[in-house]
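Now for the letters of each chain:
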Amino acid sequence: MRRTLVRWVMGLCCVLVAPAVLQSAQFAGQALVPPPPAMDFTLQASDGSEFKLSQQRGKVVLLSFGYTFCPDVCPTTLMELSQVRARLGDAAKRVQMAFITLDPERDTPERLGIYTKAFDPTFIGLTGSAEQLAQVRTMYGVIAEKEAVAGTSAGYLIAHSAYTYVIDPEGRLRVLFPFGLSTEEMADDIKQLLRS
Amino acid sequence: MRFTHAVGVPIVMCGLVVIGQTSAGHIGHRHTTIQLENAWARRAPSMVQGGQSSQGRGAMTAGNGAAYVTISNHGSEADALLSASADVATTAELHATVEQDGKMVMRPLPKFDVPAGGKLEMKPGGYHIMLLGLKQDLKPGETLNVGLSFEKAGQMSVEAPVK
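We now turn to the structure provided with this report. (Residues numbered from 1 in each chain as written. Chains lettered and ligands numbered in written order. Predicted model: local features only at pLDDT ≥ 70, side-chain atom pairs only at ≥ 80, totals over all residues. Heavy atoms only, no water.)

A closer look at the overall build of chain A
Now for step 1: Tallying secondary structure elements over chain A gives 5 helices and 10 strands in all.
Now for step 2: Expressed as a percentage of the 196 residues in chain A, the buried residues total 58%.
Now for step 3: For chain A, the proportion of contacts with a sequence separation of at least 24, taken over those separated by at least 6, is 70%.
Now for step 4: Accessible surface computed for chain A: about 7,900 Å², of which carbon and sulfur atoms make up 54%. (Helix = DSSP H or I, 4+ residues; strand = E, 2+ residues; numbered from the N terminus. Buried < 20%, exposed > 50% of the residue type's maximum accessible area, 1.4 Å probe, protein only. Contact = heavy atoms within 4.5 Å. Areas by Shrake-Rupley, 256 points an atom, 1.4 Å probe, with all protein chains shown as cover.)

What follows is the structure in structure tokens.
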């Protein structure tokens, strides 16, 4: 399963993002070599402010895409990223996590705020118009499909890719964390980015 | 279907998961060979103002959560988990997260098979009990009572600490 994931992301990055994608020995996550500049976007933050990615320079930014109705994958990611911040101690001040909704119909800014803060008070939920969000998904190669699923009262679910995109303090997309990486590995990768 | 191979267990996609009674905690069959271990639930906001829903629920739809249990079958007969329940949720469903074409997809299942002498381990990114319509926040330090209804072992329950 993991191998398929790796192949998929490597294929995708070759097409969309990078001149070359190599598995680096340095990082536990999937390193992008050479790292492309993280494509800039502006979205609405759950606290009502505007979130512009390029204004986060100096911090490691963790981007995760999901939706608040997601009971398994998205909250696991958020819980783990909160544990990662805890592992970083003081350095966590230089880490900004942003959760970008795949479900703007149901995820209001208020809902996103309550959701992300339940995991970590520093996490930000981001939303925007359907077009803005689609554009950001394209920039980062996120796949998301709304699907009506029989046998659940959840209404619709969203099948989606589940990477955390790690942007370094210089604004370059450096590493992708696949779902299932340990919090220790993620924290170590982030420490490296904060040091360099 | 491709995802059946990914999980290694036959997945039947049709069929509604029947919700067990809310009177979880009552063990009906004592001669069971089913053992429940490592139960836990993930922290989750109810999405309701003040963390309590009752009648005062606003425009916001209640949040969802997930609980995980490892089920071991020490008997010589296969058993199956047919449904789950938890007082804190309006509905509990048996779901599996599977990877399909680079996406994580959730599938409701009519039952979780637990083979004789085998076990079924629920975990993030795999089998889980989806808790829909949370009536209160699930906060670390709290404990949920999760009712599990088995085909042969009958009704069982387990305490699932919130992490």
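Thoughts on the overall build of chain B
Now for step 1: Helix and strand counts for chain B come out as 1 helix and 10 strands.
Now for step 2: Classification of the 163 residues of chain B by burial places 56% in the buried group.
Now for step 3: Pairs at least 24 residues apart make up 74% of the contacts formed inside chain B by residues separated by at least 6 positions.
Now for step 4: As presented, chain B carries roughly 7,200 Å² of accessible surface, and 51% of it is formed by carbon and sulfur atoms.

Considerations on the environment of A:Phe99
All names here are of chain A.
Now for step 1: Inspection of the secondary structure puts Phe99 in strand β5 (residues 95–101).
Now for step 2: For Phe99, a relative accessible area of 0% puts it in the buried group.
Now for step 3: The spatial distance from the C-alpha of Phe99 to the C-alpha of Ser196 is 25 Å, given a sequence separation of 97 residues.
Now for step 4: In contact with Phe99, not counting residues within four places along its chain, are Ser64, Phe65, Gly66, Tyr67, Cys74, Leu78, Leu112, Tyr115, Thr116, Ile124, Gly125 and Leu126.

Quick notes on the pattern of salt bridges
Now for step 1: One pass over the full model with this rule turns up 15 salt bridges over all chains.
Now for step 2: In this structure, B:Arg42 engages A:Asp72 in a salt bridge whose closest nitrogen and oxygen atoms are separated by 3.7 Å. Pair noted here: B:Arg42 is in the loop between β1 (34–41) and β2 (65–73) and A:Asp72 is in the loop between β4 (60–66) and α2 (73–88), and the two residues belong to different chains.
Now for step 3: A:Arg106 serves as the salt-bridge partner of A:Asp103, at 2.7 Å between the closest nitrogen and oxygen.
Now for step 4: One network of salt bridges, in which partners are shared, links A:Asp168, A:Glu170, A:Arg172 and A:Arg174. (Salt bridge = Lys/Arg side-chain N within 4 Å of Asp/Glu carboxyl O.)

Remarks on the interface of chain B and chain A
Now for step 1: At the interface, 40 residues of chain B touch 36 residues of chain A.
Now for step 2: For the pair chain B and chain A, the summed buried area comes to about 3,000 Å², and 62% of that belongs to carbon and sulfur atoms.
Now for step 3: Counting across the chain B and chain A interface gives 3 salt bridges.
Now for step 4: Salt-bridge contacts for A:Glu145 lead to B:Lys103; the nearest nitrogen and oxygen are separated by 3.2 Å.
Now for step 5: On the surface where chain B and chain A come into contact, there are 15 residue pairs in polar contact (both at pLDDT 80 or more).
Now for step 6: Secondary-structure elements contributing two or more residues to the side of chain B that touches chain A are β2, β4 (89–100), β5 (103–108) and β8 (127–134) of chain B.
Now for step 7: The element that contributes the greatest number of residues to the side of chain B that touches chain A is β5(B), accounting for 6 residues.
Now for step 8: Across the side of chain B that touches chain A, the residue classes break down as 18 nonpolar, 13 polar and 9 charged. (Buried area = accessible area lost by both parts, 1.4 Å probe. Polar contact = N/O pair within 3.5 Å; in protein donor to acceptor, adjacent residues only side chain to side chain. Nonpolar A, V, L, I, M, F, W, Y, C, P; charged D, E, K, R; others polar.)

Here we look at the sheet that holds strand β6 (residues 112–114) of chain B
Adjacent strands of a sheet form backbone hydrogen bonds with each other and so pair up, either parallel or antiparallel.
All names here are of chain B.
Now for step 1: In spatial order, the strands read β6-β3-β9-β10; together these 4 strands make up an open sheet with antiparallel pairing. Taken across any chain shown, the strands that pair with only one partner, and hence form the sheet edges, are β6 and β10 (154–161). Neighbour-to-neighbour, the strand axes of this sheet turn through a mean angle of 35 degrees, independent of strand direction.
Now for step 2: Two elements, strand β3 (residues 79–86) and strand β9 (residues 143–150), share 5 bridges in a ladder whose sense is antiparallel. The residue bridging Ala86 from the neighbouring strand is Val146, located in β9. (Pairing = 2+ DSSP bridges. Axes fitted to C-alpha atoms, helices over the stretch in contact; angles between N-to-C directions.)

Considerations on the environment of B:Gln155
All names here are of chain B.
Now for step 1: Counting through the fold element by element, Gln155 comes out in strand β10.
Now for step 2: Judged by relative accessible area, which is 15%, Gln155 ranks as buried.
Now for step 3: Separated by 32 residues in sequence, Gln155 and Lys123 place their C-alpha atoms 22 Å apart.

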